[in-house]
Amino acid sequence: MKYKHIFFDLDHTLWDFETNSYQTLEELYHTFDLSARGVPGFEAFYDSYVIHNEILWDRFRKGLINRNDLRYKRFSRTLLDFKIGDEKLSNALSEKFLEVLPFKTALFPYTVEVLEYLTAKNYPLHMITNGFEVTQLLKMRNAKIDHFFTHIITSEVAGSLKPYREIFDYAITKAATKATESVMIGDALELDIIGAHNAGMDQIYFNAKVPATTMQPTYCISCLSELKTIL
């Protein structure tokens, strides 16, 4: 086999973040009765949250804000879009979101089938994720995929975030392998693919919605089932 170790991203690659996040936010919208607070509808609330969440995650990855800023400001800024300046409410939304989200279990099609296939072929599987340690472990455990992975490397433990080389070097050392014997599978071109490339790893880009334009990954797939033709 060309590769001796396989590294996966979690959110948007195996764990269907958009579906799970959407369901969680919809639950919060009704639990906290945000319509009575002046939010005109769930879709408006969701669209606003997505915008602020993406902006703040980008700032977090660049080291411009800390973890708590990310967790709490995405909700306080969302509420401010609807002229709601309520710190107690935004903090409660943040806590409830992180409490509920890891128990959502939607996975991308063929996730379990592919993980079983790779395990049967004796590939050691590992995870490299920028998500928060406790949250990511809960997601994997509740979705019943944690047992497939030998090492689960989060940015908190590694002390570095994708796309920086340090987190990939940490993962490679943890797995006792070499970059040239490893492949990274992920959906984020800037984080997973370019990050792995800069660390000397081959890459499998899984994102049918966003074509690879800034670089050419080693492989591109539009469905996880295509991994069976590569690995």
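Quick caveat, the model's predicted, so the values are computed rather than measured.

The rules we used
- Note on numbering: residues in each chain are counted from 1, in written sequence order.
- Totals for whole chains, interfaces and linings use all residues, but because this is a predicted model, local features are given only for residues with pLDDT of at least 70 and pairs of side-chain atoms are given and counted only at 80 or more.
- Where side-chain values are given, they derive from all heavy atoms of the structure, hydrogens and water being excluded.
- Paired strands, as defined in this entry, are two strands with at least two bridges between them according to DSSP.
- Helix and strand definitions here come from DSSP, where helices need a minimum of 4 consecutive H or I residues and strands a minimum of 2 consecutive E residues; each element is numbered from the N-terminal end.
- Axes, fitted as lines to C-alpha atoms, cover a helix only where it is in contact. Angles between the N-to-C directions of the axes lie from 0 to 180 degrees.
- We call two residues contacting when some pair of their heavy atoms lies within 4.5 Å.
- By definition, a salt bridge exists where a carboxyl oxygen of Asp or Glu is found within 4 Å of a side-chain nitrogen of Lys or Arg.
- To estimate how far a helix should extend, the number of its residues minus one is multiplied by 1.5 Å.
- Burial classes: relative accessible area under 20% of the type maximum marks a residue as buried, over 50% as exposed, and values in between as partly exposed (1.4 Å probe, protein chains only).
- Using protein atoms alone on a 1 Å grid, points that fit a 1.4 Å probe yet trap it form a cavity, whereas open point sets bounded by protein on both sides within 12 Å along at least five of seven lines form a pocket; residues with an atom within 4 Å of a point count as lining.
- Grid points are joined across faces, edges and corners, and a volume is the space filled by probe spheres set on the points.
- In the scheme used here, Gly and all other residues not listed as nonpolar or charged are polar, with Ala, Val, Leu, Ile, Met, Phe, Trp, Tyr, Cys and Pro taken as nonpolar and Asp, Glu, Lys and Arg as charged.
- By convention, orient the strands away from the viewer: a clockwise path from the first strand over the helix to the second makes the crossover right-handed.
- Among buried residues, those of type Ala, Val, Leu, Ile, Met, Phe, Trp, Tyr and Cys that are joined through side-chain atoms within 4.5 Å constitute a nonpolar core.
- The pairing test for Phe, Tyr and Trp rings, Trp by its six-membered ring, is centres within 6.5 Å, and the orientation test on the planes gives stacked under 30 degrees, edge-to-face over 60, and tilted for anything in between.

Considering the sheet that holds strand 5 (residues 202–206)
Okay, so step 1: One open sheet accounts for 6 strands, arranged 3-2-1-4-5-6; its pairing is parallel. The two strands at the open ends of the sheet, each matched to only one other strand, are strand 3 (149–154) and strand 6 (219–221). When the angles between neighbouring strand axes are averaged without regard to direction, this sheet yields 20°.
Okay, so step 2: Across 5 bridges, strand 2 (residues 125–129) lies against strand 3 in parallel orientation. Residue pairing in the sheet places Leu 125 in a bridge with Phe 149 of strand 3.
Okay, so step 3: Sitting on the sheet, helix 6 (residues 133–142) is in contact with strand 2 and strand 3, with an inclination near 150° to strand 3.

Brief notes about the pattern of salt bridges
Okay, so step 1: Applying the stated rule across the entire model yields 13 salt bridges.
Okay, so step 2: Here Glu 18 and Lys 209 are joined by a salt bridge, their closest N and O atoms 3.7 Å apart. Residue Glu 18 is located in helix 1 (residues 17–31), and its partner Lys 209 is located in the loop between strand 5 and strand 6; the two are separated by 191 residues in the primary sequence.
Okay, so step 3: Where Lys 228 meets Glu 113, a salt bridge forms, and the shortest distance between an N and an O atom there is 2.6 Å.

With respect to helix 1
Okay, so step 1: With 15 residues, helix 1 should cover 21 Å at 1.5 Å per step; its first-to-last C-alpha distance of 21 Å lies within 8% of that length.
Okay, so step 2: Turning to helix 1, its buried residues number three or more, namely Phe 17, Asn 20, Ser 21, Thr 24, Leu 25, Leu 28 and Tyr 29.
Okay, so step 3: In this fold, the buried residues of helix 1 make contact with helix 2 (42–61), helix 3 (67–80), helix 4 (87–100) and helix 6.
Okay, so step 4: Asp 33 sits one or two positions beyond helix 1 and adopts a positive phi of about 45°.

Structural notes on the layout of surface pockets
Okay, so step 1: Volume-wise, the largest pocket comes out at about 1400 Å³.
Okay, so step 2: Of all the secondary-structure elements, those providing two or more residues to the lining of the largest pocket are helix 1, helix 2, helix 4, helix 6, helix 9 (189–198) and strand 5.
Okay, so step 3: Looking at the lining of the largest pocket, the element that brings in the most residues is helix 2, giving 8 residues.
Okay, so step 4: Its residues placed into classes, the lining of the largest pocket shows 20 nonpolar, 12 polar and 15 charged.

Quick notes on the pairing of strand 4 (residues 182–186)
Okay, so step 1: Counting buried positions over the 5 residues of strand 4 gives 5, a clear majority of the element.
Okay, so step 2: Both faces of strand 4 are covered, namely the face carrying Ser 182, Met 184 and Gly 186 and the face carrying Val 183 and Ile 185.
Okay, so step 3: As paired strands, strand 1 (residues 5–8) and strand 4 are joined by 4 bridges and run parallel to one another. Paired with His 5 across the strands is Ser 182, a residue of strand 4.
Okay, so step 4: Pairing of strand 4 with strand 5, which is carried by 4 bridges, proceeds in the parallel orientation. When the sheet's bridge partners are listed, Val 183 is paired in strand 5 with Asp 202.
Okay, so step 5: Following the chain from strand 4 across helix 9 to the adjacent parallel strand 5, one finds a crossover that is right-handed.

Digging into the nonpolar core
Okay, so step 1: Membership of the largest hydrophobic core comes to 44 residues, with the highest contact counts inside it found for Ile 6, Phe 8, Leu 125, Phe 149, Leu 227 and Leu 231.
Okay, so step 2: Core analysis: the second largest hydrophobic core is formed by 14 residues, Ile 128, Phe 168, Ala 171 and Ala 179 among them.

Re the packing of aromatic side chains
Okay, so step 1: Under the criterion given, the structure shown has 14 aromatic pairs.
Okay, so step 2: Measuring from ring centre to ring centre gives 5.0 Å for Tyr 22 and Phe 42, while their planes differ by 90°; the resulting arrangement is edge-to-face. Placement of Tyr 22 in helix 1 and of Phe 42 in helix 2 is noted, with a sequence separation of 20 residues between them.
Okay, so step 3: Three or more aromatic residues joined by ring pairs form one cluster here, namely Tyr 22, Tyr 29, Phe 42, Phe 45 and Tyr 46.

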